[in-house]
Amino acid sequence: MHELSVCQALVNQVVEIAQQNSAHTVRVITLHIGPLSGVEPALLVSAFPLAAAGTVAASAQLVIEPQPLRVHCQTCGADTEATPNRLLCGICGDYHTQLLSGDELLLANLELIT
Amino acid sequence: MCDTCGCNVTPGNRHLAYKPVNGGTSAVSVLKKLLAHNDDQAAHNRAHFDTRSILTINLMSSPGSGKTALLEATIDALRDEFRLAVIEGDLETENDAARIRARGVPAYQITTGSACHLDAHMVHEALHHLDLSAVDILFVENVGNLVCPASFDLGQHRNVTLLSVTEGDDKPAKYPVMFRAADAVVLSKIDLLPVLDDFDPARAEQCLRQLASTVPLLPLSARKGQGMTAWYDWLRSELAAQRARVSAGQTVKPYIQPDGARLHAEVG
Ligand SMILES: Nc1nc2c(ncn2[C@@H]2O[C@H](COP(=O)(O)OP(=O)(O)OP(=O)(O)O)[C@@H](O)[C@H]2O)c(=O)[nH]1
Ligand SMILES: [Mg+2]
Ligand SMILES: [Zn+2]
Ligand SMILES: [Zn+2]
Ligand SMILES: [Zn+2]
């Protein structure tokens with residue numbers, strides 16, 4: 001689905017950064033992706049070769065570091081683990097929580113060959 | 001329209017934090033949002049709306065949940081009170097825009113072809129086909145899809161997600177990213193509730209609250225005119241809030257997963 005658009009955005013950024021660093025090849029691309037990012041890592045991995053073909057990132061290894069889903073409770077103050085469709089406080093069960101992590105869709109780092 | 005705004009500036013010159021390492025390979029730490037380019041365009045779109053005090057609302061749902069029907073009823077009820085305009089996203093046809101224009105409201109159709117969502121660039125393109133100087137509320141009807149549209153900021157101020165009673169009351173649990181992105185959830189086609197014994201509005205609300213969402217849930221039927229007053233009141237209060245923000249020099253983004261971003265203070 002939209003993973004191809006996301007991959008194209010990723011490749012554009014990677015190519016830009018490679019140019020800024022005068023790199024001719026991108027060896028490793030590391031992403032941080034949370035379960036609430038709206039992006040399916042497996043689909044991203046399968047869309048990547050298509051988006052990267054013909055660029056300095058064509059042979060890059062795509063490493064996805066999954067991020068934990070954690071919420072902060074505004075009622076009791078606890079920080080607990082949660083699941084994508086149950087973002088309740090793990091201590092008091094309240095739904096007035098804020099996401100601490102789990103919605104990341106980030107380009108974390110690159111390994112470039114110059 | 002973009003005479004003064006420098007529209008075609010791309011984010012290519014954004015600063016990226018990087019730490020080159022000596023030798024043939026270097027490790028570069030970036031920490032940038034993957035959709036930063038879209039987000040930049042969205043911020044630009046939002047500036048277009050804010051300079052004209054326009055409230056922009058993005059409507060999202062499954063295909064056929066009643067987005068266009070809700071717009072038609074809203075136009076009939078509010079056209080003398082506010083100046084309305086609509087951007088329609090659709091896969092192949094002009095049908096939805098034609099339905100809006102038939103009611104005397106300007107509408108521009110983005111035909112997305114095979115795309116399954118609108119992005120900020122498509123919306124920006126569409127803005128050049130509308131006279132924004134005469135608009136109070138701009139609606140964007142997104143492509144019918146409960147997955148992709150939630151990931152792309154368009155420059156709107158508010159997201160409204162529709163859940164029709166024919167879809168099953170557990171939809172928020174199945175599509176948490178979409179329902180978390182909503183600033184208001186419309187429970188549509190409630191005139192059909194009497195014939196649907198397996199849809200429980202209370203269970204739909206429970207599924208929504210389990211996503212830590214505190215937003216209003218508005219049950220209504222655009223077809224039968226039930227529950228519409230609460231929707232119109234929500235629109236009025238959002239427009240008043242937008243005008244107050246504009247006079248205070250502020251703006252607002254919809255609830256697209258902002259908490260995590262704010263709390264871990266990422267760049268990009
Ligand atoms: N019973 C009933 N039917 C409705 C209501 N609102 C819409 N419908 C019907 O649902 C169908 C789809 O409505 P649309 O308004 O076209 O839905 P949509 O979300 O715009 O559809 P797409 O743009 O194709 O995703 C049509 O047959 C409508 O007549 C309602 O309040 N009650
Ligand atoms: Mg429609
Ligand atoms: Zn998609
Ligand atoms: Zn708690
Ligand atoms: Zn512009």
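Residues numbered from 1 in each chain as written. Chains lettered and ligands numbered in written order. Predicted model: local features only at pLDDT ≥ 70, side-chain atom pairs only at ≥ 80, totals over all residues. Heavy atoms only, no water.

Draft legend 1. View of the UniProt feature "binding site: Ni(2+)" (unreviewed entry) in chain A. When the UniProt feature table is mapped onto this chain numbering, "binding site: Ni(2+)" (unreviewed entry) sits at His-2 of chain A. Note on His-2 of chain A: relative accessible area 0%, which makes it buried. Look past the residues within four positions of His-2 of chain A in its chain and what remains in contact with it is Gly-38 and Val-39 of chain A together with Cys-116, His-117, Val-147, Cys-148, Ser-151 and Phe-152 of chain B. (UniProt positions renumbered as here; feature names shortened; annotations may be inferred. Buried < 20%, exposed > 50% of the residue type's maximum accessible area, 1.4 Å probe, protein only. Contact = heavy atoms within 4.5 Å.)

Draft legend 2. Region of interest: the packing of helix H2 (residues 67-78) of chain B against helix H8 (residues 228-247) of chain B. All names here are of chain B. The interhelical angle for the contact between H2 and H8, taken along N-to-C directions, is 75°, at an axis separation of 11 Å. Judged by the inter-axis angle, H2 sits roughly perpendicular to H8. In contact with Leu-70, Ala-73, Thr-74, Ala-77 and Leu-78 of H2, H8 contributes Met-228, Trp-231, Tyr-232, Leu-235 and Arg-236. (Axes fitted to C-alpha atoms, helices over the stretch in contact; angles between N-to-C directions. Helix = DSSP H or I, 4+ residues; strand = E, 2+ residues; numbered from the N terminus. Parallel < 35°, antiparallel > 145°, perpendicular 65-115°, else oblique.)

Draft legend 3. View of the interface of chain A and chain B. Taken together, the contacts link 41 residues of chain A with 44 residues of chain B. Buried area between chain A and chain B, both sides added, is near 3,600 Å², and the carbon and sulfur share of it is 61%. Area buried by chain A at its contact with chain B is led by His-2, Tyr-95 and Leu-106 of chain A, which between them contribute 15% of it. Seen at the junction of chain A and chain B, the total is zero salt bridges. Seen at the junction of chain A and chain B, the total is 11 residue pairs in polar contact (both at pLDDT 80 or more). Of all the secondary-structure elements, those providing two or more residues to the side of chain A that touches chain B are helix H1 (3-20), strand E1 (25-33), strand E5 (97-101) and strand E6 (105-113) of chain A. For the side of chain A that touches chain B, the class distribution of residues is 20 nonpolar, 15 polar and six charged. (Buried area = accessible area lost by both parts, 1.4 Å probe. Salt bridge = Lys/Arg side-chain N within 4 Å of Asp/Glu carboxyl O. Polar contact = N/O pair within 3.5 Å; in protein donor to acceptor, adjacent residues only side chain to side chain. Nonpolar A, V, L, I, M, F, W, Y, C, P; charged D, E, K, R; others polar.)

Draft legend 4. View of the nonpolar core. Within the largest apolar cluster, 31 residues are counted, with the highest numbers of intra-cluster contacts made by Leu-10, Val-26, Ile-29, Leu-31, Phe-48, Leu-107 and Leu-110 of chain A. When contributions to this core are tallied by element, the ones reaching two or more residues are H1, E1, helix H2 (41-52) and E6 of chain A together with strand E1 (25-33) of chain B. Per-element tally for this core: the top contributor is H1 of chain A, with eight residues. In this structure Leu-31 of chain A touches Leu-10, Leu-44, Leu-62, Val-63, Ile-64, Glu-65, Leu-106, Leu-107 and Ala-108 of chain A together with Leu-34 of chain B, once residues within four positions along its chain are discounted. With 29 residues, the next largest nonpolar core counts Ala-73, Leu-84, Tyr-232 and Trp-234 of chain B among its residues. (Core = buried A, V, L, I, M, F, W, Y, C linked by side-chain atoms within 4.5 Å.)

Draft legend 5. Local environment of the site of ligand 1. Residues and elements named next belong to chain B. Inspection of the region around ligand 1 gives 18 residues, with Lys-67, Thr-68, Ala-69, Asp-191 and Arg-223 positioned closest. Between an oxygen atom of ligand 1 and a main-chain N or O atom of Gly-64, the distance comes to 3.1 Å. Measuring from an oxygen atom of ligand 1, one finds a side-chain N or O atom of Asp-96 at 3.0 Å. Considering ligand 1 on its own, with 650 Å² of exposed area, one finds that the protein chains cover 75% of that surface. At the level of secondary structure, the elements contributing two or more residues to the shell around ligand 1 comprise H2 and helix H3 (95-101). (Near = heavy atom within 4 Å. Areas by Shrake-Rupley, 256 points an atom, 1.4 Å probe, with all protein chains shown as cover.)

Draft legend 6. Molecular detail of the coordination of the zinc ion (ligand 3). On the protein side, the zinc ion (ligand 3) has His-2 of chain A (N), Cys-116 of chain B (SG) and Cys-148 of chain B (SG) as donor atoms, found 2.0 to 2.7 Å from it. Here the residue His-2 of chain A occupies a position in the segment before H1, and Cys-148 of chain B occupies one in the loop between strand E5 (137-141) and strand E6 (158-164), the pair thus bridging two chains. (Donors = N, O, S within 2.8 Å, 3.2 Å for Na, K, Ca; no water.)

Draft legend 7. Focus on the packing of helix H1 (residues 36-51) of chain B against helix H4 (residues 120-127) of chain B. All names here are of chain B. Put simply, H1 and H4 touch, their axes get as near as 8 Å, and they point 30° apart. As summarised for this structure, H1 and H4 are arranged roughly parallel, according to the angle between their axes. Here H1 runs over H4; the crossing is left-handed. Residues His-37, Asn-38, Gln-41, Ala-42, His-44, Asn-45, His-48 and Phe-49 of H1 form the contact with H4, whose participating residues are Ala-120, His-121, Val-123, His-124 and Leu-127. Partitioning the contact of H1 with H4 into residue classes produces five nonpolar, eight polar and no charged. (Left-handed = near helix turned anticlockwise from the far one by under 90°.)

Draft legend 8. Broad picture of the UniProt feature "binding site: Zn(2+)" (unreviewed entry) in chain A. Residues and elements named next belong to chain A. The sites that carry the UniProt feature "binding site: Zn(2+)" (unreviewed entry) are, in the present numbering, Cys-73, Cys-76, Cys-89 and Cys-92. In terms of the greatest pairwise C-alpha distance, the residues named above, spread along 20 residues, form a tight cluster of at most 8.5 Å across. Of note, Cys-73 is situated in strand E3 (residues 70-73). If near-sequence neighbours (up to four positions away) are discounted, Cys-73 is found in contact with Ala-78, Cys-89, Cys-92, Asp-94, His-96 and Thr-97.

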